Structure formats: C-alpha cells, structure tokens
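Now for the letters of each chain:
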Amino acid sequence: MNKTLCGIDISKDWLDAHIEPIGMANRFANDAAGIADLAAWCQANGVDLVVMEASGGYERLAFLLLWEMGQPCGMANARSVRYFAEAMGFLEKTDRIDAAVIARYGQVKRLQPTPPPSVAQQRLKALVARLSQVTGDLTIQKQRRSAARDAETIISLDEVIALLKRQSRRLEGEIASLIDDDPLWACLDQAFRSLKGVASRTVARLMAELPEIGILSNKAIAKLAGLAPIANDSGKRSGRRSVRGGREGPRSILFLVARTVARYDPHLAAFHQRLQDAGKEKMVIRIALARKLLVILNAKARDARIDFANAT
C-alpha cells in the first residue's frame, strides 16, 4: 500500500496539491516549469504516488511529465471522488479541499499507479478522436446541405463537406499506417476483423480507447466499458440490474456494431433470437448484444496476444 500520496486538483492554469498523511498543501502552475516544481516538492516529501482526476485534458501534461520525471501517478474516477467527498462530509468544494479529498480517496481506495501510454498509443488516440470529430462535423454539414435552398449556401457547404471528406480519408490512412507499423496491433487488427461486420473504424476505436482488451478478464473488460450489470440486491429482494459508468466511446461503437455482426455470426444471431423470444426489452437486448460482442472480441484479442508472444 502507498503510504504517502499527493492529491492533485487540476484546472487550466493551476495544480493544487495536498500530501497525505502529513497534510502539506501547495499550488503550482499547470505548465512544464510548474510541474517540475511539483515533482521536486513530491520527491522532497517522499510521495509514493500522485493521484489526479481526468479534467478534460488539462491533466495530460502533468500526468506524462511527472512520469518522465520518475514520479508515479494514478488516475481516480471523478464521480467516485465526489461521492467519497460527500460521504466523508466534505460538502464544501474548493481547489484546496478537492486536492485533499483526492489524496484521501487514493489512500482509502489503495490506488495503484496508472502506467503512461506509449507515444504510439497517444498518437492513435489523438487520431481516432480527431476522426470522430470530423465524422460528426461531416454529418452536421450534410444535414445542413440537405435543408439548404440558397445556391450560395449550397456551394459553401459543398466546399466544407469536400474538405471534411479529405481530412477523413487522410486520418483513416494515418490510423491504418500506424496500426500496420506495430506488429502487435497488426495481429489484433487481423483478429478483430476476422469477425464479419467489424470494420477498420471499430478496430481503431477499440484499440485507442480500450487498450486493455485481451489483457483483462471478460467480466473486467465488460465493466470497464460500462456493459456489466451491477448487482442491486438486499435481503430477499433481487433488484433490477442495470449498467452504469464505464467508457462511453467503446460502448457506443459496440452498440452500433453488434447488430451488424449479428447478421453474419450465427452464434450472436442465435443469442439475439433467444433474447427476443424471451420477451426482453429492446434496450436490454441492445446491451446484452454489445456485451456478448465485447466478450468475443476480448477472447480473440487474448488469443492474438498469446500467439504474438509465442512467435516473438
């Protein structure tokens, strides 16, 4: 167990730090110089682990630079930290208080270091995120194009649509090249796409946003994607089990792809039919199909990783 933890509350400009159990607090600029000062401060006070929340991207620089400076870091779920604060009676909310709460949450939860992503993993995630943005913008512009009546507006929209299509093709090419250049990723790509209905965009999204696939158990990967039913029992009552939390990106793509794969895969199609025959609700079927597909992909990824390890 980590004995000395530093909780960091992150904003665009500042890093508010609190060390437990000694109770020291400090504030640093959220830039390279400030992060270097934070690392030196943590090392001077014997910090074993720095704990921070995801803060809309503002945490990335601190997370990566602290690891480069030899300071292990761990990531905490922001919602869980907020619930913990309320349970502990911290109704007030300031940057300094939040930093202390994050440190205490890390102690109670016994958080472990979160390994930093590789340079290739960071680039893949950035490319996939940008492709998703371009795809969303393209959909919006096409909708506007279909509703436009003015000739000048149509010409303008056509220019924007053409630009977005060029960017989309370029991003897809860069993602494909990045995956092909990594031997393990190439093996995973081949394994995933052996399932008819799983396209390149699905593979890229999973590999960028769910890199643990093939490493974790089926139950753990389903929970990570927010597709595992959560128990809601008390005494003799067996409550309705719903899904909650998890990573929205992989979950959303699995929702879309599962129905397509079920058209071609006999086992998934039979599973779908059994749920329908049992009179399950549409949303229940949708979640169950997505979870089943994820379990299949997780097994394929696990086998691909084993084969790759044996071959190298």
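Up top is the structure.
Read on for a plain summary of the structure. (Residues numbered from 1 in each chain as written. Predicted model: local features only at pLDDT ≥ 70, side-chain atom pairs only at ≥ 80, totals over all residues. Heavy atoms only, no water.)

### Observations concerning the nonpolar core
For step 1, the next point in the chain: Ranked by internal contacts, the top residues of the largest apolar core, which has 49 residues, are Leu-124, Phe-192, Leu-254 and Leu-297.
For step 2, the next point in the chain: Among the elements of the structure, helix H5 (119–147), helix H6 (151–181), helix H7 (183–193), helix H8 (200–209), helix H10 (248–264), helix H11 (266–277) and helix H12 (282–311) are those that each provide at least two residues to this core.
For step 3, the next point in the chain: No other element matches H12, which puts 10 residues into this core.
For step 4, the next point in the chain: What Leu-297 contacts, discounting residues up to four positions off in sequence, is Phe-192, Leu-195, Val-198, Leu-206, Ile-213 and Leu-254. (Core = buried A, V, L, I, M, F, W, Y, C linked by side-chain atoms within 4.5 Å. Buried < 20%, exposed > 50% of the residue type's maximum accessible area, 1.4 Å probe, protein only. Helix = DSSP H or I, 4+ residues; strand = E, 2+ residues; numbered from the N terminus. Contact = heavy atoms within 4.5 Å.)

### Considering H12
Within an α-helix, residues lying three or four positions from one another point in the same direction, as the helix has 3.6 residues per turn.
For step 1, the next point in the chain: Relative to the 44 Å expected for 30 residues at 1.5 Å per residue, H12 spans 43 Å between its end C-alpha atoms, a close match to the ideal helical length.
For step 2, the next point in the chain: Within the sequence span of H12, burial applies to Ile-285, Ile-287, Ala-288, Leu-289, Ala-290, Leu-293, Leu-294, Leu-297, Asn-298, Ala-301, Ala-304 and Arg-305. (Expected span 1.5 Å × (residues − 1).)

### A look at the sheet that holds strand E2 (residues 14–20)
For step 1, the next point in the chain: The mixed open sheet is built from five strands, whose spatial order is E3-E2-E1-E4-E5. Since the sheet does not close on itself, it has two edges, and those belong to strand E3 (24–29) and strand E5 (73–76), each with one partner. Going across the sheet, the axis of each strand differs from the next one's by a mean of 25 degrees, ignoring polarity.
For step 2, the next point in the chain: As paired strands, E2 and E3 are joined by six bridges and run antiparallel to one another. Across the sheet, the residue bridging to Asp-16 is Arg-27, located in E3.
For step 3, the next point in the chain: Taken strand by strand, helix H1 (residues 32–44) contacts strand E1 (5–10), E2, E3 and strand E4 (49–53), and its axis lies near 160 degrees from that of E3. (Pairing = 2+ DSSP bridges. Axes fitted to C-alpha atoms, helices over the stretch in contact; angles between N-to-C directions.)

### Some points on the packing of H5 against H8
The geometry of a pair of packed helices is captured by two quantities: the angle between their axes and the separation between those axes.
For step 1, the next point in the chain: Running from N to C, H5 and H8 point in directions that differ by 130 degrees, and their axes come no closer than 9 Å. Relative to H8, the element H5 lies oblique. The hand of the H5/H8 crossing is left-handed. From H5, Gln-121, Leu-124, Lys-125, Val-128, Leu-131 and Thr-135 reach across to H8, where they touch Arg-201, Ala-204, Arg-205, Met-207, Ala-208 and Glu-209. (Parallel < 35°, antiparallel > 145°, perpendicular 65-115°, else oblique. Left-handed = near helix turned anticlockwise from the far one by under 90°.)

### Notes on the packing of aromatic side chains
The description of an aromatic ring pair uses the distance of the two centres, along with the angle that the planes make with each other.
For step 1, the next point in the chain: Applying the stated criterion across every chain yields a total of two aromatic pairs.
For step 2, the next point in the chain: Taken together, a centroid distance of 5.5 Å and an interplanar angle of 55 degrees make the contact between Phe-28 and Trp-41 tilted. Linking Phe-28 in strand E3 with Trp-41 in helix H1, this pair joins segments that are 13 residues apart in sequence.
For step 3, the next point in the chain: Relative accessible area serves as the criterion here: at 8%, Phe-28 is assigned to the buried category. (Phe/Tyr/Trp six-rings, centres within 6.5 Å; stacked < 30°, edge-to-face > 60°.)

### Focus on the pairing of E4
For a regular strand, the rule is simple: side chains alternate between the two faces of the sheet.
For step 1, the next point in the chain: Of all five residues in E4, five are buried; the element is thus mostly enclosed.
For step 2, the next point in the chain: Across the two faces of E4 the burial is the same, with Leu-49, Val-51 and Glu-53 and Val-50 and Met-52 all buried.
For step 3, the next point in the chain: Taken together, the four bridges between E1 and E4 define a ladder with parallel strand orientation. The partner of Leu-5 across the bridge, within E4, is Leu-49.
For step 4, the next point in the chain: Relative to E5, E4 is paired through four bridges, and the arrangement is parallel. Counterpart to Met-52 in the pairing with E5 is Met-75.
For step 5, the next point in the chain: Between the parallel pair E4 and E5, the chain is carried across by helix H2 (residues 60–68), and the sense of this crossover is right-handed. (Right-handed = clockwise from strand over helix to strand, strands pointing away.)

### A closer look at the pairing of E1
For step 1, the next point in the chain: Here E1 lies mainly inside the structure; six of its six residues are buried.
For step 2, the next point in the chain: Two strands pair when backbone bridges link them, and E1 and E2 are joined in this way by six bridges, in the antiparallel orientation. Across the sheet, the residue bridging to Asp-9 is Asp-16, located in E2.

### Considering H10
For step 1, the next point in the chain: Look at H10: 25 Å from first C-alpha to last across 17 residues, which is about the 24 Å you get at 1.5 Å a residue.
For step 2, the next point in the chain: The sharpest bend along H10 reaches about 30 degrees and sits at Val-257.
For step 3, the next point in the chain: The set of residues buried in H10 consists of Gly-249, Pro-250, Arg-251, Ile-253, Leu-254, Phe-255, Val-257, Ala-258, Val-261 and Ala-262.
For step 4, the next point in the chain: Contact partners of the buried residues in H10: H8, H11 and H12. (Bend = angle between axes of the 7 residues up to and from the residue.)

By themselves these figures say nothing about function.
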